[in-house]
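Given next are the chains, with one letter for each unit.
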Amino acid sequence: MNVGIIDYGSGNIRSVSKSFERAAFELESKVKINVIRSAQELKNMDRIVLPGVGAFADCIKGIKNINSLYKTLNDMVLGKSVPFLGICVGMQLLANYSNEHGRHNGFGWIEGEVVPIIRKDNDIKIPHMGWNSIEILKKHQIFENIKNGEDFYFVHSYNFNSKNKDYIYSETRYGGYITAVVIKNNIIGTQFHPEKSQIFGIQFIKNFLEWIP
Amino acid sequence: MLKVRIIPCLDVKDGRVVKGINFINLKDAGDPVEQAKVYDKQGADELCFLDITASSDKRNIILDVVSKTAEQCFMPLTVGGGVRSIEDIRNLLMAGADKVGINTSAVSNPELVRESSVKFGSQCIVVAIDAKKEKGDWIVYTHGGREPTGIKALEWAKFMAKSGAGELLVTSMDRDGTGKGFDLELLRNITDLVDIPVIASGGVGILKHLVDGVKIGKASAVLAASIFHFGKFTIKNARDEMEKNGIPVR
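First things first, this report covers the structure right here in the doc. Just so it is clear, the structure is predicted and the values come from calculations on it, not from any experiment.

Counting its regular elements, chain B contains 10 helices and 12 strands. Principal-axis analysis of the C-alpha atoms places the extent of chain B at approximately 45 × 40 × 40 Å. Expressed as a percentage of the 250 residues in chain B, the buried residues total 59%. Taking the contacts inside chain B whose residues are at least 6 apart along the sequence as the reference set, 67% of them involve residues at least 24 apart. Distance between charge centroids for chain B: 3 Å, based on 34 positive and 33 negative side chains.

Have a look at this one:
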């Protein structure tokens with residue numbers, strides 16, 4: 001299996017690829033982790049990962065700056081149903097648009113918007129940064145061997161507001177409700193960072209590698 | 001519920017972990033790669049790696065040591081020391097860092113904080129403030145505590161938060177390495193002033209100090225070095241003490 005991690009210039013690429021290497025090692029499966037920097041390289045992938053350390057606008061610009069990458073990504077994920085994992089901003093990019101530093105269009109794969117975390121309680125600090133427990137709302141293979149209420153690492157100031165709540169599989173609480181995991185067909189997005197979430201993060205990645213949508 | 005983070009800090013000089021008192025008299029505390037392994041096993045919430053002489057030596061950070069250390073971490077890793085440009089930040093992320101700490105360059109070039117937070121997102125930019133009390137005010141120091149800037153720490157904290165920092169790492173130079181506890185007054189002043197998370201640093205000697213940093217100083221995270229490096233306490237000891245005092249921990 002070939003896993004492609006897209007490098008568009010601002011993500012924590014090494015951190016992500018190394019956690020996938022660890023997950024593959026633990027699975028004892030023949031998984032090759034590839035860092036992808038062109039549309040051509042992306043074409044051979046069986047799993048696609050879009051990591052996210054960065055500002056929304058910068059990420060979308062980074063992706064669109066790579067010749068035909070965006071088109072190929074659409075062909076692969078929407079056309080060929082290749083399993084896709086978007087992490088943090090990589091998840092937020094699935095929305096129609098974001099309001100981070102002005103309004104910017106996303107992929108529009110999962111209808112919704114990206115909005116600032118609501119600060120109902122003046123006591124909360126933004127970004128939402130650190131380990132927070134997730135509530136699993138619906139059963140899915142991606143949560144195999146992960147308990148409801150397990151802690152995952154979050155770091156973000158914006159929230160993915162999915163228009164269709166059926167796509168929200170997990171939430172966390174910070175101020176109000178925060179979307180933790182969205183799933184639509186072969187597309188998974190996580191607001192938390194599985195690559196930084198130690199044992200259960202690696203478990204989540206293993207589940208993604210074994211998942212057949 | 002969001003948990004309070006416990007962060008061991010590796011102060012690195014010439015590729016070795018060191019620990020001093022008030023930023024001087026450095027004592028060897030081991031190999032950063034080995035230390036990172038131990039803290040990952042102990043379940044530290046994050047790890048902080050600071051190349052403490054990169055700025056004063058006017059050199060770039062030791063990327064190879066960073067990358068070897070990062071290989072051992074499946075928790076968030078903040079790396080600081082001699083970060084001067086967008087390119088430096090990119091290189092650190094490529095070496096396995098998740099966030100970068102900026103201290104000296106934030107003072108000499110505040111625009112770097114603004115620019116990098118737009119490029120990499122605020123969550124990636126940790127502004128480190130080394131502060132020392134002088135005539136009733138806390139003053140910001142740079143170059144690993146060697147250079148006074150004359151800038152007031154409270155005003156600086158506010159300005160950095162406004163400039164796009166995702167979090168502040170506040171170290172009391174008066175307390176660092178003394179084991180007397182955080183400068184709670186400094187902490188509380190800053191946490192009340194800014195809306196971003198603040199990491200308390202400098203002075204932890206006993207576990208109660210960590211509790212005080214959260215309860216009195218209102219810190220979102222607590223950082224310590226000596227108490228963990230020399231095996232006095234484990235991360236679990238710290239976590240248990242905090243839990244006993246009603247602080248949410250992992």
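So much for the structure itself; the text now carries on.
With that settled, consider the packing of helix α6 (residues 153–163) of chain B against helix α7 (residues 184–193) of chain B. Packed helices, taken two at a time, are described by the angle between their axes plus the distance between the axes. Residue and element names in this part refer to chain B. Interaxial distance between α6 and α7 falls to 10 Å at its minimum, and their mutual angle equals 35°. When the axes of α6 and α7 are compared, the crossing they make is right-handed. Between α6, through Ala153, Leu154, Ala157 and Lys158, and α7, the contact on the second element is made entirely by Leu186, Asn189, Ile190 and Leu193. Taken together, the residues of the contact of α6 with α7 break down into six nonpolar, one polar and one charged.

Attention shifts here to the nonpolar core. Ranked by size, the top nonpolar core spans 69 residues in total, and within it Val127(B), Ile129(B), Leu168(B) and Met242(B) carry the most contacts. Among the nonpolar cores identified, the runner-up in size contains 64 residues, and Tyr8(A), Leu50(A), Phe84(A) and Ile142(A) belong to it.

With that out of the way, let us pick up the packing of aromatic side chains. Residue and element names in this part refer to chain A. Enumeration according to the criterion identifies 13 aromatic pairs over all chains in this entry. With centroids separated by 5.6 Å and ring planes inclined at 80°, the aromatic side chains of Trp131 and Tyr153 adopt a geometry described as edge-to-face. Note that Trp131 is positioned in strand β8 (residues 128–133) and Tyr153 in strand β10 (residues 151–156), a separation of 22 residues in sequence. The exposure class assigned to Tyr153 is buried, which follows from its relative accessible area of 1%. Here Phe208 and Trp211 contribute two aromatic rings whose centre-to-centre distance is 6.1 Å and whose plane-to-plane angle is 40°, an arrangement assigned as tilted. Taken as a pair, Phe208 and Trp211 share a single burial class, namely buried. Grouped by ring-pair contacts, the aromatic residues Phe143, Phe152, Phe154, Phe192 and Phe204 constitute a single cluster. The positively charged end of Arg173 is found above the aromatic ring belonging to Tyr177, 4.4 Å away from the centroid.

In this complex, chain B contributes 39 residues to the contact, which on the side of chain A involves 37 residues. Contact between chain B and chain A buries roughly 3200 Å² in total, counting both sides, with carbon and sulfur atoms accounting for 51%. Counting the surface chain B buries against chain A, the share from its top three residues, Leu2(B), Phe74(B) and Gln123(B), is 24%. The tally of links between chain B and chain A comes to six salt bridges. As a salt-bridge pair, Asp58(A) and Lys119(B) come within 3.3 Å of each other at their nearest N and O atoms. Counting across the chain B and chain A interface gives 23 residue pairs in polar contact (both at pLDDT 80 or more). It is helix α3 (residues 86–95) of chain B that provides the largest number of residues to the side of chain B that touches chain A, a total of four residues. Taken together, the residues that form the side of chain B that touches chain A break down as 19 nonpolar, seven polar and 13 charged.

As a further point, take unusual backbone geometry. The omega angle of the peptide bond from Ile126(A) to Pro127(A) is 5°, so this bond is cis rather than trans. If you check the backbone angles, Asn185(A) has positive phi at about 50° while not being a glycine. Within the element layout of this structure, Asn185(A) appears in the loop between β13 (176–184) and β14 (187–190). One non-glycine residue with positive phi stands out, namely Lys218(B), at about 60°. Examined against the element boundaries, Lys218(B) turns out to sit in the loop between α8 (207–215) and β12 (221–224).

As a further point, take helix α5 (residues 111–120) of chain B. Residues and elements named next belong to chain B. Among all positions in α5, only Leu112, Val113, Ser116, Ser117 and Phe120 are buried. Around the axis of α5, the buried residues are gathered within 125° of arc, so they sit on the same side. Looking at the packing, one finds that the buried side of α5 touches α3, β6 (99–102), α4 (104–108), β7 (125–134) and α6.

Another point: α6(B). All names here are of chain B. Three or more residues of α6 are buried, namely Ala153, Trp156, Ala157, Met160 and Ser163. End-on, the buried residues of α6 take up no more than an arc of 130°, which puts them together on one face. Turned more than 90 degrees off the buried face of α6, the exposed positions are Glu155 and Lys162. Just downstream of α6 lies Gly164, where phi reads positive at about 120°.

About the cut-offs
- Residues numbered from 1 in each chain as written.
- Chains lettered and ligands numbered in written order.
- Predicted model: local features only at pLDDT ≥ 70, side-chain atom pairs only at ≥ 80, totals over all residues.
- Heavy atoms only, no water.
- Helix = DSSP H or I, 4+ residues; strand = E, 2+ residues; numbered from the N terminus.
- Buried < 20%, exposed > 50% of the residue type's maximum accessible area, 1.4 Å probe, protein only.
- Contact = heavy atoms within 4.5 Å.
- Lys, Arg positive; Asp, Glu negative; His and termini not counted.
- Charge placed at Lys NZ, Arg CZ, Asp CG, Glu CD.
- Axes fitted to C-alpha atoms, helices over the stretch in contact; angles between N-to-C directions.
- Left-handed = near helix turned anticlockwise from the far one by under 90°.
- Nonpolar A, V, L, I, M, F, W, Y, C, P; charged D, E, K, R; others polar.
- Core = buried A, V, L, I, M, F, W, Y, C linked by side-chain atoms within 4.5 Å.
- Phe/Tyr/Trp six-rings, centres within 6.5 Å; stacked < 30°, edge-to-face > 60°.
- Lys NZ or Arg CZ within 6 Å of the ring centre and 35° of its normal.
- Buried area = accessible area lost by both parts, 1.4 Å probe.
- Salt bridge = Lys/Arg side-chain N within 4 Å of Asp/Glu carboxyl O.
- Polar contact = N/O pair within 3.5 Å; in protein donor to acceptor, adjacent residues only side chain to side chain.
- Arc of directions from axis to C-beta.

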